[in-house]
Structure formats: C-alpha cells, structure tokens
Amino acid sequence: MKSISSVTSGFSSPNSSAAAAAQEVRSATDGNTSTTPPTSAKKRKLNSSSSSGSNSSNERDDFDSTSPSSSTPPLPPRDSASPSTSSFCVGVSLAASSHVPVQKKLRFEDTLEFVGFDAKMAEESSSSSSSSSPTAATSQQQQIKNKSILISSVASGHHANGLAKSSTTASSFANSKPGSAKKLVIKNFKDKPKLPENYTDETWQKLKEAVEAIQNSTSIKYNLEELYQAVENLCSYKISANLYKQLRQICEDHIKAQIHQFREDSLDSVLFLKKIDRCWQNHCRQMIMIRSIFLFLDRTYVLQNSMLPSIWDMGLELFRAHIISDQKVQTKTIDGILLLIERERNGEAIDRSLLRSLLSMLSDLQIYQDSFEQRFLEETNRLYAAEGQKLMQEREVPEYLHHVNKRLEEEADRLITYLDQTTQDMGLELFRAHIISDQKVQTKTIDGILLLIERERNGEAIDRSLLRSLLSMLSDLQIYQDSFEQRFLEETNRLYAAEGQKLMQEREVPEYLHHVNKRLEEEADRLITYLDQTTQKSLIATVEKQLLGEHLTAILQKGLNNLLDENRIQDLSLLYQLFSRVRGGVQVLLQQWIEYIKAFGSTIVINPEKDKTMVQELLDFKDKVDHIIDICFLKNEKFINAMKEAFETFINKRPNKPAELIAKYVDSKLRAGNKEATDEELEKMLDKIMIIFRFIYGKDVFEAFYKKDLAKRLLVGKSASVDAEKSMLSKLKHECGAAFTSKLEGMFKDMELSKDIMIQFKQYMQNQNVPGNIELTVNILTMGYWPTYVPMEVHLPPEMVKLQEIFKTFYLGKHSGRKLQWQSTLGHCVLKAEFKEGKKELQVSLFQTLVLLMFNEGEEFSLEEIKQATGIEDGELRRTLQSLACGKARVLAKNPKGKDIEDGDKFICNDDFKHKLFRIKINQIQMKETVEEQASTTERVFQDRQYQIDAAIVRIMKMRKTLSHNLLVSEVYNQLKFPVKPADLKKRIESLIDRDYMERDKENPNQYNYIA
C-alpha cells in the first residue's frame, strides 16, 4: 500500500528566510565600496481560488506579483540554489480491480509562498458527493478492498516576532467507482490571519535598534534573517509607507550628527580629506547593510512609487544635502583636492588612492562638474599659461618640446588614474584655447617640429618619440592640419624641389633613381612613425612631383639608352617602379622605349655591312627586349604591343632584304652538317625566327628564297632533318595560311612520289635485259612547285642515254601525256676509280662525272677539248675543273699549276692521288649568288606581285562597279599582304585600263568604272 507524501503548510521557518537575507547582506557587505545599489526582484506566490462544494473547471492555480496589500505576508526572495526551496508533492496510488497499480502525481517545485491551504480529493461520478471528513475517509478506506489512500497532514505553527501562525489541512475523499478520475483542489484560507497587538511597534523597535547598531558599528542583537522577515511581514500589512518614513528619519538624524566633526578649523587639508573620505566610506557601507535588511521594502513599496528614491539613493541624497553641500565642507574638500593635484604637478608624491576615492565620491554625488571640474580647469589653465610664457623665454625649442610632451603624458596619466573622463574634452579645449593657440607658443612649437624633421632628413638622429607625441597632441587638439600640415608640406616641397634640381646635374641616372627611392622610403617611414595618416597622400605626391614628375624627360634622355644598352635589369626595374608612381610617367617611358627600339633596330637592318649577322643580331635584340619587358616592366601589355610596332617599323625600312636574309639564315640552320644545336635547340631557334618573320611585310620574298634553298637541300640530300623541315613548314602554314606553303608542300610530295616510282622502276629493270651495272635514280619534279631552272644540253655517255630512254619509256607508259625535261645541272653520280694507292669511290656531280670519264679514253686533255667533248657551258666547266684539279681532293693534275682555270690549261689524271677515305665527296665549287641572280629572284617576286595586284584591283572593281582613285588604292592596300609603292600601283591600274578591265569616268577622271 502506497502513501501520499506529507504536505507542509503555514509559514516557512524563520531560519530559512533569514538565511537568504543574511546571504544578501554578506554579498553586499563584501563590496562596501560599491556605490550602485542592488536591483529589485519580483516575488511569486501561489493563489488558489476556492469554490465551496463545487469541483468546477474554473478552479485554477495562479502565480501573481506580490503587492503590499496582499492578504498574506509573503516570504523573502530566494535563489534557485537556496536550501529553503520547498517542494509540494501529492501522490495518489490507486488499485484497480485488475490489481494493476496506477499512480498519479501532482508536483509543484518552486519557491511557493502561501499561508495555508485546504486540500480536497474529489471523485467525479454520476451522483454529486459532498466533502467527507477524515473519519469518513478512513471508514471508506476500510470498506473497499485493494483500494486505499492514506492522507497525512501535518499542521505546524511557528512563533515569529510575536505572531502566531497556524495552518489547518483538511482532506476528504469521496467514494466512487473504481477507475474513476480523481481531482485535487487547493483553496485559500477562509479567514485572513490578523497581526497581534503591539506587533508593529515592537517590530519597528527591533529594526531601529539594528539600524543604530549598524550606524554605530556595534553588533546587532537580532538575527539578520529575523529582521528581514520582520520587514516583509510589516510590508505585507500595508505599513510600508510609515516604515520608509521612519527609516529615512533615522538615517537623516545620523547624517546630520556627522557634520560637526568637519567644522573644526584645526585640521590641515590632507587630514580633512582623509576624514571626509572615511566618513563617506562608512556611510556607503552602512547604507548597504541597511538596504540589505530593508530589501523587501526597497523592492516592493519603493519600486512601485516612482517619486520615492531608493534606499541607496536616499542615502546619497542625505549625504549630499547635509555633508557635502555645506559650503565650508565643500570648499575645504575642493581646495584640498586641488592642492594635492598641484603638489603632484610640482613633483611631490601624494596619495593617489585618496584622490581617486574623493573624486569618485563627487561623481557619485553628481557634483563633480559643478563643484570641482570648473575650478580644476581654471587652475590648470592659469598654471600652464604662466609656465608656457616662462619656459618659452628660458629654454631652447627641443628642450621646450620635451617638457610639453612630458606634461601631456602626466595629464593623460591623471585622467586614467583618478580624474573623470568628462574632464578630458574640456581640458583639451582649454589647452587649445589658452596655450597652444597662443601665436608665439604655436609658432615656436611648429618651428621646433619642422626643425627636428629637417635634421632627420639631413641624416641626424632625433627623438622620434617626442615628435610622435607632439604631432599626436596637435591632432588631438584638432589643429594638426591648419597649423602644421600646410607649413610642413610647403617646406617639403621647397626642400625636394631644390634637391631634385641639384642632384639631376650632379649624379648619373641610376644613382639618382636610388636616391629618389630612398627618399620615398624615408617619408613612408615617417608617416608610419609620427606623422598623421591624413598627410600621406599629399606628402608622397609632393616628393614624387619634385623628384620625379619635374624631371621625367630629363631622366630618360640622360640615362635610358645607357641602361638599355648595358642591360641593367635592376636599375630598369627601379625606373619603371618609380615612373609608375607619377601620373603620365609610364606613358613618357613608353614613348622613349619605342624610340630606342626603332633607333637600335635600324642600325642593325639598314647597314649593309651587317647583312651577314643581321638575323642573329635581330634575334639577340628580341630576346633582350623580351627579358626587359618580363622582368623590368612586369609584362605590361602596352610595352609588349609597342615593342611589336617598333620592330615592324624598323625591320621594313629596308624592303625585301631582311626577308631574304632570314630565308638564308634558316637554310644555314637546316642544312646538313650544322652541328651547332640539338633538335630541341633547333626547334626553339625556329620559333624565334618565326617571331621575326611576323614583322616582315614582304613574306613573298622570303618564300621565293626559302623555296630555292629548300630545293637544293632536298635534291642534293643536304637537309639536316626531315622532321625539322616539316616543323618549319608547319610553322609557316600556321602563320601565313595553306596557300603560302602549298608549293613547298608539293616539293615534299614530289620527293615522296619519286621514291615510290624508283621502287617500281627497279622492278621494271629486273625484267629488262640491259647490259652494264649502272644504277639510275630519278627525281620527278613538278615544274609549278619547284624553282625555275635553265636547262643545259650536255653530251652524255651512251650508257646514260640508254638508261634515260628506258626510264622515259617506263614513266610515259604509266603517265601518258606528260613531258619529261632532264635537268643535268641537278644530277650527281658515284664513280669507281683505281689509283696507285688502290680503289676509291668518288661522289661527284654529273658535270664532274662527264669530265672524269674522258680520262678513260686518253691521258691528257686541254680545256677546249673537254668543253667540246662534254658540251658543258664555259663558266660551269671552269668551276668543275677547278674542283677536280685545284680543290682538296685533286684527282686531276693541271698544267701549268695554279688556282684558277685559264685558257690553254691541260689536265692529266693524277695516278698518285691519295686519301684516307674510301668514298670521297668532291664538292662542286659553288658559285656565289651573284647580284644578277638575286635581282632575278626579286624580279620573279615582283612579277608575282603584279599578278596579285591586278587580281585584287579587278576583284574590288567587280564588286563596287564604280570607285574613286583614293578609295580603290585604300582597298587594295587593305587586301595585299606586301608593301606596294603608289607609283607601281598606278602603273597596274593603267595596265588594266589598257587591257579593258576598267575605264576612267568620262565626267570625272578621278573615278573608275568596271567593264564587264
């Protein structure tokens, strides 16, 4: 059988409530120097409305704010952690017919404040039932099996402060059917408890004794918790107003009695201050203790009456009214405080904690500004005005500035230590108005600051902390810009203007640039160290203008070319960095950069003496400017584009020649025997060549010479690498398009097709019964792809002629309608020769072969005989004989001896020929490309250009039908990829008019019409 837990009703134990009050008193007492009173807290209680003989649903539990008019005296406030927290618990255990226990529990856990309650258990059923007595409940308990309820009620009473408290708990249980719902009803007392006679007077007497004990610093006879409870009880019975009035009166009487001790004239100022400080500290501590006891009054009655000051504020008000407002006391207090501050300013040691406490008192009593601050600032103004005038005459500027800085630091320390912060702004205003605004003081101060800065700029060591402090003072006083900054910038401008003019004449550009950079770094350091940040923009702009902006052109004219010629990367980087800081500086540098590239590049291109090294010098120059742009100019796009335009300008000042030389340079690199570079290096070199190639207008000239050299490399087998050749071809195609490289690609296709044809020819020869062991290799060249060669008829041996006829029959049998033209100038042979030393193989040209074969028929032949027998052209024959008789491998001997071939010379076979190699290549003496041949190639290019010009003109006129001369010329220039002289263009227009492609307009000769 389970039981209901006991319910406690009535007043809580005085010990528990007093403990809460004591706890609050202790916490308040620990901080007795605090001048802020604790805040009020709201109370809560449990109100249970009752309706006799009814279990309606209107019954409810309410928690309302406690007021002094409450019918029951509420308990003091408690913390959630207070041991006096009470728990109200009602448990009901029911045993149903199924013998399964069901437990219902109603639980309130809070600081419940009530005088008493009636607890009623009711059972809802179809028939109404009235409240049963405890006896009836017991009887019912005996009648019903397995259903039992035990209600234990404990009525307790306490005598506190002469007030008897009683509580009656009645519970009833109405019988009903098993399983019915049960309801717990809690009701207020029917009658309000009454205060005993004389309770109010007796209680006030106890409270008065306690207050007087606190004021007299003696022990309190009564328990603090008991006193707190007594205040609460009085407040609960509407005695709050009288209680507050009595408390104010007793406090006022006590404070009034204190004034007499301060009216003694024998006390010196320091003792007086200590005495009043002690009185103030005691007053604060006493009011905190008193407020702790009367806390309930402060948080209920006083809080609800806005016109009444809190107990703490009441204490401040009384202290201010009866102590500090006394004229004699107040005057002596303020005089004493000012005297201590004056002593400290004079260097004496004082009790700063005493000052801090007294000024805090004035602030708390709200008389700091009216009574103290005004006088303090006036005294401060008088002191420093006299001191400033005196020291300005006695001391030098640096010493005076140090003194001012020291004074500022001292006053700042006073503000932090014991003065109120409101004094700071007024102090600054007075300092500005009466001290620093004095024209003489201000002028000498600014002059001193500028003098120190000038000394530092001249390399002397100065006290930077002093400068920082003084300039901070000017900023705080809001006179930095008006009084200092303007003069400082003017002095800076004057200094650097003179310095710039002087150093530009005395120093070289690199040295001057380093000096400017050093000056800028120094000024930036000053900005960080002691100058105000508002000065930054103006200061840096002034330095940049006077040291750089005024000398931009002079710097570049004096030193840029030398820096670029000597490739001084660091100095160029500094130059670009400094010029970037000045408005328009980069643009001026860019213009000079363009002029330098044009001038230097023109010396390479225009001078014919440099033709041999032109391309290599151009490549080196391009690498140099690229490196400068990447490192020094930070890859600025403007400088990159300017460089390209400059290269394009100077490289085309000499038409056609750079294109020709670039083609020959490529030929020298791609020709066999070039061991200067690896494949990777060769590829990089070709990439660089293509960059130079892009700048050339006459790309058709390059094509003509490149095609001629490529043909030699392919036909003679002198190409260093097929991969390199095709790589170059791919680059040209990507740069100029497929039309540009179509013929060059055709040359490679011819070489590939020739290899396939020769494989078929060898198979064909195996089926033919041809005597002899001569092996023939033929390259079939398409005439449109290859350069134009002048055919030369020579007298071939019968064996060769027969092989030619066999190949011609074979080829024309496969490709009918084609015409073969043998190019003897491009042929070469391998001969087997026998000398005294032994057998050798000679790798020679076709012309050399024809000459050597003659010596199988005779011992000696003259020049004329050889020429008649071979049919070789005279100049070519002389070069051929020269290679055989006068070169390194002399298989023929010439009589008379000499380096040149003359008329009448005779030649015999040199049987004594010796050579370490078995196969010997005898190179044909290469005739240097004559001016005529170069002119011929150029003329062929010009002819091709004429066709392109004609085609462009006709294309434009066909689309426009009618066009003026100027517009036609402009359109033609836009379409052509090579430069054309206006005179040449005019000739082509006249040619087309003569051929009836177009005509001049009859009314307007300057206009052309297209003829369909």
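Residues numbered from 1 in each chain as written. Predicted model: local features only at pLDDT ≥ 70, side-chain atom pairs only at ≥ 80, totals over all residues. Heavy atoms only, no water.

1. Here we look at the overall build of the chain
To keep it simple, the criterion reads: Comment: elements are numbered from the N terminus, with helices defined as DSSP H or I runs of at least four residues and strands as E runs of at least two. Any two residues whose heavy atoms approach within 4.5 Å are treated as being in contact. Each accessible area value is a Shrake-Rupley result obtained with a 1.4 Å probe; residue values ignore everything except the protein chains displayed when judging cover.
When helices and strands are tallied, the chain shows 36 helices and 19 strands. Partitioning the contacts of the chain with sequence separation of at least 6, the portion at a separation of at least 24 is 73%. Carbon and sulfur atoms provide 48% of the accessible area of the chain, an area that totals close to 54200 Å².

2. Some points on the sheet that holds strand 12 (residues 838–845)
Our working rule: At least two bridges found by DSSP between two strands are what make those strands a pair. Axes here refer to lines fitted to C-alpha atoms; in helices the fit is confined to the stretch in contact. Angles between the N-to-C directions go from 0 to 180 degrees.
With mixed pairing, three strands are arranged side by side in an open sheet as 11-12-16. Because the sheet does not close on itself, it has two edges, and the strands there are strand 11 (828–835) and strand 16 (919–921). Across the sheet, the axes of successive neighbouring strands diverge by a mean angle of 25°, strand direction being ignored. Alignment of strand 12 against strand 16, held across three bridges, turns out to be parallel. Directly across from Q843, in strand 16, lies its bridge partner K921.

3. As for the packing of aromatic side chains
Spelled out, the test is: Only Phe, Tyr and Trp rings take part, Trp by its six-membered ring, and two of them pair if their centres are within 6.5 Å. Stacked means planes under 30 degrees apart, edge-to-face means over 60, and tilted covers everything else. The classification of residues rests on relative accessible area computed with a 1.4 Å probe and restricted to protein chains. Under 20% of the type maximum is buried, over 50% is exposed, and intermediate values are partly exposed.
Counting across every chain of the model gives 27 aromatic pairs. Taking 5.3 Å as the distance between ring centres and 50° as the angle between the ring planes, the aromatic pair formed by Y480 and F484 counts as tilted. Highlighted residues: Y480 and F484, both in helix 17 (residues 480–506), separated by four residues, approximately one helical turn. Accessibility expressed as a relative area gives 4% for Y480, which makes it buried. Here Y576 and F633 contribute two aromatic rings whose centre-to-centre distance is 5.4 Å and whose plane-to-plane angle is 40°, an arrangement assigned as tilted. One end of the pair, Y576, is in helix 21 (residues 569–581); the other, F633, is in the loop between helix 23 (614–631) and helix 24 (637–651), with 57 residues separating them in the sequence. The exposure classification of Y576 matches that of F633, with both residues buried. In this structure an aromatic cluster arises from ring pairing among Y596, F600, F621, F647, F650 and F695.

4. Re the sheet that holds strand 17 (residues 962–964)
Sheet architecture is open: three strands sit in the order 17-19-18, paired in antiparallel fashion. Sheet topology places strand 17 and strand 18 (998–1000) at the edges, where each strand pairs with a single neighbour. Strand-to-strand, the axes of this sheet are offset by a mean angle of 25°, without reference to chain direction. When strand 17 meets strand 19 (residues 1007–1010), the two strands line up antiparallel, connected through three bridges. Its bridge partner being in strand 19, L963 is matched across the sheet by Y1008.

5. Regarding the pairing of strand 19
In this structure, strand 18 lies alongside strand 19, joined through three bridges in antiparallel fashion. From the neighbouring strand, E999 faces strand 19, where its bridge partner is N1009. Counting the residues in the hairpin turn of strand 18 and strand 19 gives six residues.

6. Side note on the pattern of salt bridges
Threshold: Whenever Lys or Arg places a side-chain nitrogen within 4 Å of a carboxyl oxygen from Asp or Glu, that contact is recorded as a salt bridge.
Summed over the entire model, instances satisfying the criterion amount to 35 salt bridges. A salt bridge links K733 to E745, with the nearest nitrogen and oxygen atoms 3.5 Å apart. Linking K733 in helix 28 (residues 722–736) with E745 in helix 29 (residues 738–766), this pair joins segments that are twelve residues apart in sequence. Within the structure, one salt-bridge network assembled from shared partners comprises E456, R457, R464, E523, D525 and R526.

7. Quick look at unusual backbone geometry
In this structure, S217 is a non-glycine residue whose phi angle is positive, near 60°. The phi angle at K238 is positive, at roughly 60°, despite the residue not being glycine. Along the chain, K238 falls in the loop between helix 4 (224–236) and helix 5 (240–258). The exposed category is assigned to K238, whose relative accessible area is 62%.

8. A short note on the environment of L513
When you line up the elements, L513 lands in helix 18 (residues 509–529). Owing to a relative accessible area of 1%, L513 belongs among the buried residues under this scheme. Along the chain, L513 and L575 lie 62 residues apart, while their C-alpha atoms are 6.8 Å from each other. Residues within four places of L513 in sequence aside, it is in contact with I555, D571, L574, L575 and L578.

9. Description of a negative patch on the surface
So the rule is basically this: Surface patches are defined over residues having more than 30% relative accessible area and no salt bridge, joining like charges when they lie within 9 Å and nonpolar side chains (Val, Leu, Ile, Met, Phe, Trp, Tyr) when within 5 Å. Positive: Lys, Arg. Negative: Asp, Glu. His and the chain ends are not part of the count. Throughout, a charge is located at the NZ atom of Lys, the CZ atom of Arg, the CG atom of Asp or the CD atom of Glu.
A contiguous patch of negative charge on the surface is contributed by D679, E680, E681 and D723. A total of three residues in the negative patch trace back to one element, the largest contributor, which is helix 26 (residues 679–694). Looking at the secondary structure, you find D679 in helix 26.

10. Points about the confidence of the model for the chain
Keep this limit in mind: Values of pLDDT, which run from 0 to 100, indicate the predictor's confidence residue by residue.
Predicted confidence across the chain gives a mean pLDDT of 74, with 76% of residues reaching 70 or more. Here residues 1–177 is modelled with pLDDT under 50, and outside its nearest four sequence neighbours on either side it reaches 336 contacts, counting other chains as well.

11. A look at helix 35 (residues 965–975)
Rules: What the arc measures is the spread of directions leading from the helix axis to the C-beta atoms.
Turning to helix 35, its buried residues are H965, L968, V969 and V972. Viewed along the axis of helix 35, the buried residues span an arc of 100°, placing them on a single side of the element. Exposed side chains of helix 35 directed beyond 90 degrees from the buried face belong to N966 and N974.

12. A look at the nonpolar core
This is how the line gets drawn: Within this scheme, the nonpolar core is defined by two criteria: the residues are buried Ala, Val, Leu, Ile, Met, Phe, Trp, Tyr or Cys, and they are joined through side-chain atoms within 4.5 Å.
Counting 115 residues, the largest nonpolar core has F484, L575, W593, I597, F702, Y706 and M728 as the members making the most contacts within it. Dropping the residues within four chain positions of it, Y706 is found in contact with A663, V666, L670, R713, E725, M728, L732 and L744. Counting 69 residues, the second-largest nonpolar core is a separate cluster that includes V231, C284, M314 and I334.

13. Section: helix 28
We apply this condition: The length a helix should cover is 1.5 Å for every residue beyond the first.
For helix 28, built from 15 residues, the straight-helix expectation of 21 Å at 1.5 Å per residue is met to within 8% by its first-to-last C-alpha distance of 21 Å. Burial in helix 28 covers these residues: A724, E725, S727, M728, L729, K731, L732 and C736. For helix 28, the secondary structure elements touched by its buried residues are helix 25 (657–670), helix 26, helix 27 (699–716) and helix 29. Downstream of helix 28 by one or two residues, G737 has phi in the positive range, about 100°.

14. Section: the packing of helix 26 against helix 28
For clarity, the threshold we go by: In these notes the angle categories are as follows: under 35 degrees is roughly parallel, over 145 is roughly antiparallel, 65 to 115 is roughly perpendicular, and the rest is oblique. The hand of a helix crossing depends on one turn: near helix anticlockwise from the far one by less than a right angle means left-handed, and clockwise means right-handed.
Packing of helix 26 against helix 28 brings their axes to within 11 Å, and their N-to-C directions diverge by 25°. Considering their axes alone, helix 26 and helix 28 lie roughly parallel with respect to each other. Crossing of helix 26 against helix 28: the hand is right-handed. Contact residues: helix 26 offers L682, E683, L686, D687, I689, M690, F693 and R694, while helix 28 offers A724, S727, M728, K731, L732, E735 and C736.

15. Here's the deal with the packing of helix 5 against helix 9 (residues 311–324)
Applicable threshold: Throughout this entry, Asp, Glu, Lys and Arg are counted as charged residues, while Ala, Val, Leu, Ile, Met, Phe, Trp, Tyr, Cys and Pro are counted as nonpolar. The remaining residues, Gly among them, count as polar.
Between helix 5 and helix 9, the least distance of the axes is 10 Å, while the angle of their chain directions is 35°. Regarding helix 5 and helix 9, the two cross each other, and that crossing is right-handed. Across from Y244, L247, R248, C251, E252, I255, K256 and Q258 in helix 5, the residues of helix 9 making contact are I311, M314, G315, E317, L318, F319, H322 and I323. When its residues are assigned to classes, the contact of helix 5 with helix 9 shows nine nonpolar, three polar and four charged.

16. Points about the environment of K733
When its relative accessible area of 37% is taken as the criterion, K733 is described as partly exposed. Spatially, the C-alpha atoms of K733 and E745 are 9.7 Å apart, while their sequence positions differ by twelve residues.

17. Details of the state of the cysteines
The condition that has to hold: What counts as a disulfide here is a pair of cysteine sulfur atoms lying within 2.5 Å.
Scanning the model with the defined rule gives zero disulfides in all. With no disulfide of its own, C284 lies 9.5 Å from the sulfur of C279, the closest cysteine sulfur.

18. Describing the pairing of strand 14 (residues 892–895)
Of the two faces of strand 14, only one is covered, namely that formed by L892 and K894; the face formed by A893 and N895 stays uncovered. In the sheet, strand 14 pairs with strand 15 (residues 906–909) via four bridges, with the strands oriented antiparallel. The partner of L892 across the bridge, within strand 15, is C909.

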